[in-house]
Structure formats: C-alpha cells, structure tokens
Amino acid sequence: MQDIDLGALMGRAKADPAFAEVERKVAESGSMTWLEPDEKALLFGIGAYAPGDGRVVEIGAFEGGSAGFLAGGIARRGGGKLHSIDPHLGAPPWFGLAPHKRTLGAFRKCVAHCGLDDWVQSHLGDSASVAAVWPGEGVDAVLIDGDHSYLGALADFECWGP
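Below is a short write-up of the structure. (Residues numbered from 1 in each chain as written. Predicted model: local features only at pLDDT ≥ 70, side-chain atom pairs only at ≥ 80, totals over all residues. Heavy atoms only, no water.)

### Looking at a nonpolar patch on the surface
Our working definition: Patches in this entry comprise residues that are over 30% relatively accessible and not in a salt bridge; like charges within 9 Å are linked, as are nonpolar side chains (Val, Leu, Ile, Met, Phe, Trp, Tyr) within 5 Å. Note on areas: Shrake-Rupley with a 1.4 Å probe; residue coverage comes only from the protein chains shown. Salt bridge, as used here, is a side-chain nitrogen of Lys or Arg placed within 4 Å of a carboxyl oxygen of Asp or Glu. In this description a helix means any DSSP run of H or I spanning at least four residues, a strand means any run of E spanning at least two, and both kinds are numbered starting from the N terminus.
Taken together, Val-142, Ile-144, Tyr-150, Leu-151, Leu-154 and Phe-157 make up a surface patch of nonpolar side chains, about 610 Å² in accessible area. Elements represented by at least two residues in the nonpolar patch include exactly β4 (141-144) and α7 (150-160). The dominant element in the nonpolar patch, judged by the number of residues it contributes, is α7, at four residues. Mapped onto the elements, Leu-154 comes out in helix α7.

Printed below as a string of structure tokens:
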C-alpha cells in the first residue's frame, strides 16, 4: 500500500482550473450536498491524481455531489471509472427527508449537468449486494459514505477492503 499525501492532492486540485469548473457545475446542478471545500478538493484530487488507473467506488451517492467531484477528477485524469453504489430509495427519517424521496433522478441530473455520464456507472443496490457480485477487478479507492452508523460503515469496509 502506497502512502498518499492528501494535502498535496487537495492543493493540486485547488490550483487546477478543471476543479473550479466542476465546482461550478455541481453548484449549478442544484444537487444537495454537505461537502466542505477541502472535501471537494480531496475527492477531485483522488479522481485526478491518486496512484492507480482511476477505478473508484463510491458507497452512498445521494444526489450526486461527491460523484461530481470524484468523476470530474477521473475525467481530468482521462481514464478510469466511478462506480457509484446506492439504492436511491431516499433517506432515513432522522435525515429530515421523507423516506419516499427517491434520489436517482437528482443524481442523474447532477452527473449529466456536469458532463460526466461517460465516467460514472451507477449500481442500484446496497453495498454488500454489489460487493458480492463484483467482477473481481481491483479498485484504487473506496469512498464509504452510505450507512453512517458504526456497523454500517464497518460492513462497507469489510465488504470492500479485500
């Protein structure tokens, strides 16, 4: 496993005009996101500059904000794919959204608005189910941002760590 200087990735992203363009497009898409500026830069930097071929798995997509930055970085790299995993069935009641609010439409709108359709493959389902049928190809990075409970995050880590 290779050590990665995350601060350097963020700094490089913040200096890249492609990052500013992705940031603008994600904002214009109307996608709800809670990403802080450094998180946006880190996600873009992982997609664009981290070691590997740009094969990234995102667990938990919501409305596509993080996908915009990861896939925007992958597009900047010029190779790779973001595999975005989410059942898109809404959110738990404590999140403040009605459980019937489906998020797939908003996710697709964000990805399309950013011009990233060719860089994103959606997998509709939960993390464990998708991991169970994963074709055995390696991935370079995994963003765990789905079930935010301790047990849910641990399960995602155990499914995707190998």
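### Examining the pairing of strand β2 (residues 81-86)
Here is the rule: Any residue under 20% of the maximum accessible area for its type is buried, any over 50% is exposed, and the rest in between are partly exposed; the area is computed with a 1.4 Å probe on protein chains only. For two strands to count as paired, DSSP must find a minimum of two bridges between them. Crossover handedness is defined here as right-handed if the route from the first strand over the helix to the second strand goes clockwise, with the strands pointing away from the viewer.
Most of β2 is tucked away, with five of its six residues classed as buried. Of the strand pairs in this sheet, strand β1 (residues 55-59) and β2 are connected by five bridges, and their pairing is parallel. Within β2, the residue paired with Val-56 across the bridge is Leu-82. Tracing the backbone out of β1, into helix α4 (residues 65-77) and back to the parallel element β2 gives a crossover that is right-handed. Bridging between β2 and strand β3 (residues 120-124) involves five bridges; their strand directions are parallel. Following the sheet pairing, Asp-86 is matched in β3 by Leu-124.

### A few points about the sheet that holds β2
The criterion, for reference: Between N-to-C directions, angles cover 0 to 180 degrees, with each direction set by a line fitted to C-alpha atoms, over the stretch in contact for helices.
Strand order in the open sheet formed by four strands is β3-β2-β1-β4, with parallel pairing between adjacent strands. Sheet topology places β3 and β4 at the edges, where each strand pairs with a single neighbour. Across the sheet, the mean angle from the axis of one strand to that of its neighbour is 15°, orientation sign disregarded.

### A few points about the side chain of His-123
Selection rule: Any N or O atom pair separated by 3.5 Å or less is treated as a polar contact, with the protein-specific requirement of one donor-capable and one acceptor-capable atom, and with residues adjacent in sequence counted only for side-chain atom pairs. Residue contacts are counted whenever heavy atoms from the two residues lie within 4.5 Å of one another.
Relative to the helices and strands, His-123 resides in strand β3. With a relative accessible area of 16%, His-123 lands in the buried category. Looking at His-123, its side chain comes within polar contact range of the side chain of His-83, at 2.9 Å. Apart from residues lying up to four places away in sequence, His-123 is in contact with His-83, Ser-84, Ile-85, Asp-86, Val-130 and Trp-134.

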